[in-house]
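# Coordinate inspection notes
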Amino acid sequence: MQENTIIFLLEASYRPWVIGAVFLTWVGLIGTMYRSPISRKWFRGIMLSIALFCLLLAGLRPAQMKREAARKVIYLTENYPVEIVDSLTQLFPKAALFSSTNALDLPYQVTQIPDVSTILNSIPQLEELHILGDGLKEDEFEPLQERKVFFHLNALPEGVIQIGYPQITQLGNALIFKGSINKNNTEKWTVSIEGTGTVLASTTIDKAGEIPFELKFTPKSAGRFLYSLKIKNDQDTIIQADQIPVVVTPLADYRILIVQATPSFETKYLKNLLAKDGRTVAVRSRVSKGKFKTDFINSEEIDLAKINSSVLKNFELLVMDQAAIGFLAAEERQTLKKAIQNGLGFLLLADASTLKSDNQFLTKQISLKKTLSKSTTWPFVTEGGVENISLSTLPYSIMNNQGFYPVIEASGNIYAAYKRQDAGRVLVSLLDKTYLLQLNSQSEAYRSLWMTLLNACLAPEWFANDWILEEPLLAYVRHPFTIKLITEEQSPSIFLSFEERNIGHLPAFQHPTYQEEWESVIWSTNTGWHSVATKRHPQERKWVFIQDKTAWKSLSRAKRIQANKRWFSKHQPAVYQPPLLAVNQQKAFPLWWFYLGFLMALGLLWVEEKW
């Protein structure tokens, strides 16, 4: 539409009604033109025309299309550098300044706003947006997709800029803290993990740049702990000190029976892992028809020649490979089915014979699909949060429409999943040669993987609820973060506690596909240890330590700066085609002028009658 074009803002469907109303008003007032004295008819006609014309325009709401010049905007975010603000204002003297943080130290007119979308909504003719400081929050990037944006980001701050560690670990596991420190000088820094005034692990850094570090120690007792990560220089001055919350859980005391068709490396390394943890383990390996080799760890010997009810009552978990099922007698199969229905956890190590219908006596409902790959990745907490561990798999995945809940899943393929069988659970694993993790010196990942599988197939009376934090590692006061609940409860009632005091219930939303998955959002105004639990199982808590918003300042700043750099590198085109530098804007005429003209014309008609 051309500049200076007159348009009407009233919808076209209503315009005939306005015109009709004005016409009826004209019909009602036309007689005033011919009253005596007739010599002033021309005056009455002019006043009447003005009144009706103003009334018509007030109803149609006229506007003019005006050409607005393109504008440059400077947006200040946290820790913006004043010297760059000065440089940009000299370069663009007509640029508007906005800020998401306090900007009282600047000699310019700065408008404080909550987020960048306010700029985009108020200045549609925006040509260039210059962002200074630490950058935008991640939820602010989307509106900038089609905009010309320049980032003038701060350098990474000194201190910890990456950290990764297990928030929950079992007693006996080594706690491994991995991360990176940004350092601008070559003086000697000591990085340490401390607990109750004792240095538990430390390392020194005497280089400049982004330096990785790793600290490791083994907790001596179970409980909730607040460790401190400290950085000190040569003069023993503390450069950084932040709290690291960790929950150390005692070992779940469940007994495990392993039944295998032939001895294998898979069960050998699993047995060694369980023995190291002090578990009660019994192993039965078939030597020949009717002959078996047995091994007992932390347990008295019992007769395992037949898998009957007197044997199964001694265990909470049964691990069996697919081939071993084929050697079970019909009576043993029926006994095993009944034991699972009564609460026994069952872990099936699948192989190629899983597809044969005559070997699916426990899992007839399972459907597998062929995959192109014999490997997958599994996330394991390490430096920066997670490391994708490579796992070998069978060339199949479990279909997700058979009532199975995924335990190991990647790229839409499910490699381990469990299904309820009355009071018990059957977990099917398509993983292959997991012991290679041990051989590749990835023992921590190996242990975590198997604890994930074993715990997932435990009967509900052992672990009724499984809590999963969506936010990685650190939770902050007055900041929402999501928590997931995996439970067999129907419509679970979730409550949040602080310092052993119930502070409120959390609304829970059920996953549309996985009926056992529920999601809630936590928001707290208190710092310290919080817990979430269900009303039905209050003893099964998920502990969360909520930090003050000033904690881990270097880490939070680094994460924001790095997120802005990643977004800019992906979304800024190599050759930029600028948008229209000037846009047409609707400038409505003030309606009060029309109402004033209407009233003045009618007033003069009334006065004229009194002459």
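To start, this report covers the structure provided alongside it. Please read these numbers as outputs of a predicted model, since none were measured by experiment. (Residues numbered from 1 in each chain as written. Predicted model: local features only at pLDDT ≥ 70, side-chain atom pairs only at ≥ 80, totals over all residues. Heavy atoms only, no water.)

### Considerations on the overall build of the protein chain
Regarding its fold elements, the protein chain presents twelve helices and 38 strands. In terms of C-alpha radius of gyration, the protein chain reaches 36 Å, well past the compact-globule figure of 25 Å for 611 residues. Oriented by its inertia axes, the alpha-carbon framework of the protein chain measures out at about 130 × 65 × 50 Å. Counting across all 611 residues of the protein chain, residues that qualify as buried make up 46%. At a minimum sequence separation of 6, the contacts of the protein chain that also span at least 24 residues come to 65%. (Helix = DSSP H or I, 4+ residues; strand = E, 2+ residues; numbered from the N terminus. Rg over C-alpha atoms; globule rule 2.2 N^0.38 Å. Buried < 20%, exposed > 50% of the residue type's maximum accessible area, 1.4 Å probe, protein only. Contact = heavy atoms within 4.5 Å.)

### Observations regarding the packing of helix H1 (residues 15–29) against helix H2 (residues 41–60)
The N-to-C vectors of H1 and H2 enclose an angle of 160 degrees; their axes lie 10 Å apart at closest approach. Of the possible angle classes, the one that applies to H1 and H2 is roughly antiparallel. As for the relative orientation of H1 and H2, their crossing is right-handed in sense. Judged by residue contacts, Arg15, Val18, Ile19, Val22, Thr25, Trp26 and Leu29 of H1 engage Leu48, Leu52, Leu55, Leu56, Gly59 and Leu60 from H2. Class assignment for the residues of the contact of H1 with H2 results in ten nonpolar, two polar and one charged. (Axes fitted to C-alpha atoms, helices over the stretch in contact; angles between N-to-C directions. Parallel < 35°, antiparallel > 145°, perpendicular 65-115°, else oblique. Left-handed = near helix turned anticlockwise from the far one by under 90°. Nonpolar A, V, L, I, M, F, W, Y, C, P; charged D, E, K, R; others polar.)

### Here we look at the sheet that holds strand S15 (residues 238–249)
Taking strand neighbours across the sheet as the criterion, the five strands line up as S9-S15-S14-S11-S12 in an open arrangement whose pairing is mixed. Both outer strands of the open sheet, strand S9 (168–170) and strand S12 (198–205), are each paired with one neighbouring strand and no more. This sheet shows a mean twist of 25 degrees between the axes of neighbouring strands, independent of strand direction. Where strand S11 (residues 189–195) lies against S12, seven bridges are found, and the strand directions are antiparallel. Opposite Gly195, over in S12, you have Thr198 as the bridge partner. (Pairing = 2+ DSSP bridges.)

### A short note on unusual backbone geometry
Phi at Arg61 is positive, roughly 55 degrees, even though this residue is not glycine. Mapped onto the secondary structure, Arg61 falls in the loop between H2 and strand S2 (62–68). Look at Arg61 and you get partly exposed, because its relative accessible area is 36%.

### A short note on helix H10 (residues 443–456)
A rise of 1.5 Å per residue sets the reference length of H10, with its 14 residues, at 20 Å; its end C-alpha atoms lie 20 Å apart and thus fit the reference within 8%. The set of residues buried in H10 consists of Ala445, Tyr446, Arg447, Leu449, Trp450, Met451, Leu453, Leu454 and Ala456. (Expected span 1.5 Å × (residues − 1).)

### Quick notes on the environment of Thr25
With respect to the secondary-structure elements, Thr25 resides in helix H1. Polar contacts involving the side chain of Thr25 include one to the main-chain carbonyl oxygen of Ala21, which spans 2.8 Å. (Polar contact = N/O pair within 3.5 Å; in protein donor to acceptor, adjacent residues only side chain to side chain.)

### Section: the side chain of Glu517
Along the chain, the position of Glu517 falls in strand S35 (residues 517–522). Among the polar contacts made by the side chain of Glu517, one reaches the side chain of Tyr405 at a distance of 2.8 Å. Not counting residues within four places of it along the chain, the set of residues in contact with Glu517 comprises Tyr405, Lys484, Leu485, Ile486, Phe509, Gln510 and His511.

### Section: the pattern of salt bridges
Where charged atoms from two side chains of opposite charge come close, those side chains can pair. With the rule as written, the count across this model stands at ten salt bridges. Lys178 is the partner of Glu214 in a salt bridge, and the nearest nitrogen-oxygen pair spans 3.7 Å. Of the two residues, Glu214 sits in strand S13 (residues 209–217) while Lys178 sits in strand S10 (residues 175–183), which places them 36 residues apart along the sequence. Lys178 sits in the partly exposed class, given a relative accessible area of 22%. (Salt bridge = Lys/Arg side-chain N within 4 Å of Asp/Glu carboxyl O.)

### Structural notes on empty space enclosed by the protein
For the structure on display, the rule yields two cavities of 30 Å³ or more. Surrounding the second largest cavity, Val259, Gln260, Ala261, Arg284, Arg286, Phe292, Ala324 and Phe327 form its lining. Going through the elements one at a time, strand S16 (255–260) and strand S17 (280–288) are the ones with two or more residues in the lining of the second largest cavity. In the lining of the second largest cavity, the residues fall into five nonpolar, one polar and two charged. (1 Å grid on protein atoms, 1.4 Å probe; cavity = no way out; pocket = protein on both sides within 12 Å on 5 of 7 lines; lining within 4 Å. Points joined across faces, edges and corners; volume = space filled by probe spheres on them.)

### Examining the packing of H2 against helix H12 (residues 591–610)
Helix-helix packing is characterised by the crossing angle of the two axes and by the distance between the axes. Viewed as axis vectors pointing N to C, H2 and H12 meet at an angle of 155 degrees, and their least axial separation amounts to 8 Å. Relative to H12, H2 is oriented roughly antiparallel. The two elements H2 and H12 meet at a crossing, and its hand is left-handed. Across the interface between the two elements, Phe43, Arg44, Met47, Leu48, Ile50, Ala51, Cys54, Leu55, Leu57 and Ala58 from H2 touch Leu591, Phe594, Tyr595, Gly597, Phe598, Ala601, Leu602, Leu604, Leu605 and Glu608 from H12.

### Looking at the packing of aromatic side chains
Under the defined criterion, the tally for this structure stands at 16 aromatic pairs. Ring centres 5.4 Å apart and planes at 35 degrees place the aromatic pair Tyr165 and Phe177 in the tilted group. Remark: Phe177 occurs in strand S10 and Tyr165 occurs in the loop between strand S8 (159–164) and S9; sequence separation between them is twelve residues. On the basis of relative accessible area, Phe177 is assigned to the buried category, the value being 0%. An angle of 15 degrees between the planes, with centres 6.0 Å apart, marks the rings of Phe177 and Phe217 as stacked. Here Phe217 lies in strand S13 and Phe177 lies in strand S10, a separation of 40 residues in the sequence. Here the aromatic residues Tyr165, Phe177, Phe217, Phe225 and Tyr227 are joined through ring pairs into a cluster of three or more. Geometry around Trp529 places Arg224 over its ring, the cationic atom sitting 5.6 Å from the centre. Taking NZ or CZ as reference, Arg286 lies 3.9 Å from the ring centre of Phe327, over its face. (Phe/Tyr/Trp six-rings, centres within 6.5 Å; stacked < 30°, edge-to-face > 60°. Lys NZ or Arg CZ within 6 Å of the ring centre and 35° of its normal.)

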